[in-house]
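Structural features, examined
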Amino acid sequence: MTVSIGIEDPEMTVFIGGEDPEMTVSIGSEDPEMTVSDGGMIFATTYKVLQTSEEMRIRWSKFWRIRRMMEVLTSLALRSLQIFVCSMSKKRKWNDEYVKFGFTCTTEKYGTQRPQCILCSTLFSNANLKPSKLDEHFQNKHGGRDAGNDIVTLRVKRARFDQVGTLPTYGFSPTEKPLLRASYEVAYQIAKSKKPHTIGEELIKPCALEMAKIVLRKEAEKKLQQGSLSNDVIHNRIIDMSVDILEQVVADFKASPVKISLQVDESTDTTAQAIDVLNKIQEFFSRNELHLDKIGSICTDGAPAMLGNRSGFAALMRKEVPNLKITHCFLHRHSLAAKTLPPDLKKTLNICVKVVNFIRSRALNHRLFQSLCEEMGQEHTVLLYHTEVR
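1. Brief notes about unusual backbone geometry
One non-glycine residue, Lys194, adopts positive backbone phi at about 60°. Inspection of the secondary structure puts Lys194 in the loop between α4 (177-193) and α5 (199-215). Among the residues examined, Lys194 registers a relative accessible area of 74% and is labelled exposed. In this structure, Glu289 is a non-glycine residue whose phi angle is positive, near 60°. Mapped onto the elements, Glu289 comes out in the loop between α8 (274-287) and β8 (295-300).

2. Considering the nonpolar core
Membership of the largest hydrophobic core comes to 20 residues, with the highest contact counts inside it found for Leu262, Val264, Ile281, Phe285, Ile295, Ile298 and Phe313. Those elements giving two or more residues to this core turn out to be β7 (260-264), α8, β8 and α10 (313-320). Element by element, the count of residues in this core is highest for α8, at five residues. Beyond its immediate chain neighbours, meaning those up to four positions away, Ile281 contacts Leu262, Val264, Leu292 and Phe313. In this structure, Trp94, Ile118, Leu129 and Leu134 belong to the second largest nonpolar core, which totals 14 residues.

3. Here we look at the sheet that holds strand β9 (residues 325-328)
Backbone hydrogen bonds hold the strands of a sheet together, and the pairing may be parallel or antiparallel. Pairing is parallel across the open sheet formed by three strands, whose spatial order is β7-β8-β9. The open sheet terminates on both sides in strands that have one partner only, identified here as β7 and β9. Shown here is a sheet whose adjacent strand axes are inclined to one another by a mean of 25°, direction ignored. Taken strand by strand, α10 contacts β7, β8 and β9, and its axis lies near 175° from that of β8.

4. Observations concerning α5
Given a rise of 1.5 Å per residue, 17 residues ought to cover 24 Å, and the 23 Å separating the end C-alpha atoms of α5 matches this to within 8%. The sharpest bend along α5 comes to roughly 30°, located at Lys205, with the proline Pro206 sitting one to four residues further on. Every buried residue belonging to α5 is among Gly200, Lys205, Leu209 and Ala212, and all of these are buried. For α5, the secondary structure elements touched by its buried residues are α4 and α6 (217-225). Positive phi appears at Arg217, one or two residues downstream of α5, with a value of about 75°.

5. Looking at the packing of α8 against α10
Look at α8 against α10: their axes get within 9 Å of each other, and the N-to-C directions meet at 45°. The orientation of α8 with respect to α10, classified from their angle, is oblique. When the axes of α8 and α10 are compared, the crossing they make is right-handed. Contacts between α8 and α10 involve Ala274, Ile275, Val277, Leu278, Ile281 and Gln282 from the first element and Phe313, Leu316, Met317 and Glu320 from the second.

6. Examining the confidence of the model for the chain
For the chain, per-residue confidence averages 76 on the pLDDT scale, and 77% of positions sit at 70 or higher. In the predicted structure, residues 1-51 sits below a pLDDT of 50 and forms 74 contacts with residues beyond four places in sequence or in another chain. Note that pLDDT drops below 50 for residues 166-173; the model gives that stretch 12 contacts with residues more than four away or on any other chain.

7. Quick look at the packing of α5 against α6
Remark: α5 packs on α6, axes separated minimally by 6 Å, with the N-to-C direction vectors making an angle of 155°. Considering their axes alone, α5 and α6 lie roughly antiparallel with respect to each other. Regarding α5 and α6, the two cross each other, and that crossing is right-handed. From α5, Lys205, Ala208, Leu209, Ala212, Lys213, Ile214 and Val215 reach across to α6, where they touch Arg217, Lys218, Ala220, Glu221, Leu224 and Gln225.

Analysis parameters
Residues numbered from 1 in each chain as written. Predicted model: local features only at pLDDT ≥ 70, side-chain atom pairs only at ≥ 80, totals over all residues. Heavy atoms only, no water. Helix = DSSP H or I, 4+ residues; strand = E, 2+ residues; numbered from the N terminus. Buried < 20%, exposed > 50% of the residue type's maximum accessible area, 1.4 Å probe, protein only. Core = buried A, V, L, I, M, F, W, Y, C linked by side-chain atoms within 4.5 Å. Contact = heavy atoms within 4.5 Å. Pairing = 2+ DSSP bridges. Axes fitted to C-alpha atoms, helices over the stretch in contact; angles between N-to-C directions. Expected span 1.5 Å × (residues − 1). Bend = angle between axes of the 7 residues up to and from the residue. Parallel < 35°, antiparallel > 145°, perpendicular 65-115°, else oblique. Left-handed = near helix turned anticlockwise from the far one by under 90°. pLDDT = per-residue confidence, 0-100.

Structural data, given as structure tokens:
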């Protein structure tokens, strides 16, 4: 039997039973020869079309190497999983008795418990969750029981710390006290020099980091990097300081056995009246739980809105506080008297005003005058502009 497949007609012999039929097959452009014997159950194949026996050996070798590599990787993955499970099972657990060392418990996202000091907010790893490590920190950093940290006080501090400490709940440590104090000092200097709040983050912090890196090495730079001097932080620090000063002044008012004196100038708002000034003062006293009877005297600038007999601020205040004393500011009296000086004294006063304006008109003149005052040992080194007072 002859069969033609493809283009070529190579010979392929097939023996089935006892007969010897002849079959010719063409496959592709090659001439493979294939002999099959069914009678003696002997199969002999010679295949030269797609690949040789050497190519098959190389492919099988690659296959077994890849399989062996997959088996090794699978074994390593199983081993890593066993180690992870064992490590999870060996995590230390929190004990409420650790409060006596000044610590509380912080639980992370995957259930890992970490100790956190309620005295300095330092967060430790789970490996340090044992009495010896906690007691070592408690003794070395906070003085132990000798510093007044008894168990009752520590329990109260822990309850307060857990109640207000939202950041430690998520594993974050709040700003340390030295960095917090430094941010307040920087905010105070910015407010004192009347500079924009953005100067802290744009100029002061980069300069501080660079100086710390050069002088105190990389560790100090990393420490300073944790402190924030952004616009919002500086703004909040200044507000905190102003609120604290106000609270101190109000506390002094309440604790003082004598009455206080108010100095009230005419409002800069031209549309404001005496009743508006009175409402502001009453609102301030009411908000801070103070009584108007605490006022013993009031000093004003002598403007009609302040000293009017009927609708002036002084008259309205006398209705609230009958025994109130009203005085006229002596600086304003001196200013009014200077306007009617004799010609000789008026000339001298004008020369003084010109000298002050000359010194303050240029920065160089101001610095030279300041250096002169410092060399002479004067307490005051800055001149104020002359201001007309009516």
